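Summary of structural features
Listed here are the chains, written in short residue letters.
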Amino acid sequence: MASQSFNIPRTRILIVVLTTLLYFLSMNISISIVVRYSRELGINISNTSIIWAVTFLISAIFRPISGHYGDKVSSFLMMSIGGMFLTLANVVYMLSKDFTSLLLGRVLNGIASAMFIAPSIAAATLVVSEDLIGRSLSYRSAAVSFGALIGPVIGGYLVDYISYSVAFALAAVLSALNAIVCALLYTRPDITAQFQRESEKGSWKDAMNLTVILFTATSLIGGLSFFTFRSLLQSHYRDLGYPSSLYGILMACFAAITMILRLTSHRMIGSNLRRLFLISATCYFIVGLGSIVLSKAYVYPWTFIPVAFYGLGFGLLVPAVQSIISLSTMKSVRNRAMTVYSIGYDIGGFVGGIVLGHVAQTFGYSFSYAIIGLLLMINPILVLMSTNRVSNK
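First things first, this report covers the structure right here in the doc. (Residues numbered from 1 in each chain as written. Predicted model: local features only at pLDDT ≥ 70, side-chain atom pairs only at ≥ 80, totals over all residues. Heavy atoms only, no water.)

1. Thoughts on the overall build of the protein chain
Within the protein chain one finds 16 helices and zero strands. Against the globule reference of 21 Å for 393 residues, the protein chain gives a C-alpha radius of gyration of 19 Å, in line with a compact fold. Reported as C-alpha extents along the three principal axes, the dimensions of the protein chain are approximately 55 × 45 × 35 Å. Within the protein chain, the fraction of its 393 residues that count as buried is 60%. Expressed as a percentage of contacts within the protein chain between residues at least 6 apart in sequence, the contacts between residues at least 24 apart total 86%. Only carbon and sulfur atoms are counted for the fraction: they give 71% of the accessible area of the protein chain, which is about 14400 Å². Side chains of the protein chain give 26 positive and 12 negative charges; the mean places of these two sets differ by 6 Å. (Helix = DSSP H or I, 4+ residues; strand = E, 2+ residues; numbered from the N terminus. Rg over C-alpha atoms; globule rule 2.2 N^0.38 Å. Buried < 20%, exposed > 50% of the residue type's maximum accessible area, 1.4 Å probe, protein only. Contact = heavy atoms within 4.5 Å. Areas by Shrake-Rupley, 256 points an atom, 1.4 Å probe, with all protein chains shown as cover. Lys, Arg positive; Asp, Glu negative; His and termini not counted. Charge placed at Lys NZ, Arg CZ, Asp CG, Glu CD.)

Put into structure tokens, the structure is as follows:
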């Protein structure tokens, strides 16, 4: 009976949504406070940026492993390993008292991201038929947004009214639960068999076609903007004297907008590649505009304006790009294709975290936000230049 229930598309999508939600809820509780915690320990902006950015370097290094074994064995196995490493990272955060220990936590967080994120995207496309990929990716992205909606608020209020340790402990419990759920899913013969059927052919070369390379390049700039936005604004608000919960509310607003859009995005996105390209270009422009606005409107409550731009842009951008990559690759290489795409975000997050963190310390936060906005304007140009070679599907 259980095997029959898994064969229902809605059940398959629900499984991916549940595991994704547990992971991103845990992650958002911790990453929404770790930069502030670093500054509370007396670590300066540049060194805090290194702590933040090292996760993306480590993630980029380990992603090929998860991509390979996700395709050859199972996405759920990689997701379980990712959940275990995130649990370890949260425990290390909870015990950290200096630069070195926080850096170790972020290294473990990087391995967790490498093992979980790309395989979870691939899983959302592999557990359903081709005509349901857009719906499955949209609901998975909505789960990411819901985790980002309540995670920073929970983390912020726990820090303001109890302690950092309690917040990190809760994050550890959630990530441990996720690891257990994914491990149980991996042990199910019907699920394992399904992934093995898709692993019979395909190579890294098949996973790195021109479309994947294009959106890996754009994701590099997108990652630079998104992750720097998350870390710099957190540090900025601490230096302005705002409580941790206020940053959490801003991130919740961002997540709420993206979640609403993603729950309905499968109706707007569809499976027409040319349309998906145009949606992606438009979204990149909106996010870039939001960063430029943030350079002038960073004081609360005006910050809600650029945050809304970010929400509108990323709300449709993520499922649109992931749909493009899914429709442009074979099932047997989807873990690896999503890995290549995700590495772009990692490199962007690493470079942006270090370079723009140094820029913020030297020239101010506003200057960094403006640079992010200008760099993002490259993406819609690249995407629009590639639209003509796309054939409609």
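Resuming the write-up.
2. Things to note about empty space enclosed by the protein
This model, assessed by the stated rule, comprises two cavities of 30 Å³ or more. Considered as a void within the structure, the second largest cavity measures approximately 70 Å³ in volume. If you go around the second largest cavity, the residues you meet are Val35, Ile45, Thr48, Ser49, Trp52, Ser231, Leu232, Ser235, Gly353 and Gly357. At the level of elements, helix H3 (45–72), helix H10 (210–239) and helix H14 (334–363) are the ones that each hand at least two residues to the lining of the second largest cavity. Ranked by the residues each element gives to the lining of the second largest cavity, the list is headed by H3, at four residues. In the lining of the second largest cavity, the residues fall into four nonpolar, six polar and no charged. (1 Å grid on protein atoms, 1.4 Å probe; cavity = no way out; pocket = protein on both sides within 12 Å on 5 of 7 lines; lining within 4 Å. Points joined across faces, edges and corners; volume = space filled by probe spheres on them. Nonpolar A, V, L, I, M, F, W, Y, C, P; charged D, E, K, R; others polar.)

3. Some words on the pattern of salt bridges
For the structure on display, the rule yields three salt bridges. A salt bridge links Arg39 to Asp239, with the shortest nitrogen-to-oxygen separation between them at 2.9 Å. Remark: Asp239 occurs in helix H10 and Arg39 occurs in helix H2 (residues 9–40); sequence separation between them is 200 residues. Arg39 sits in the buried class, given a relative accessible area of 12%. Of the charged contacts in the structure, one is a salt bridge between Asp239 and Arg238, with a shortest N-O distance of 3.3 Å. Linked by salt bridges that have partners in common, Arg39, Arg238 and Asp239 make up one network. (Salt bridge = Lys/Arg side-chain N within 4 Å of Asp/Glu carboxyl O.)

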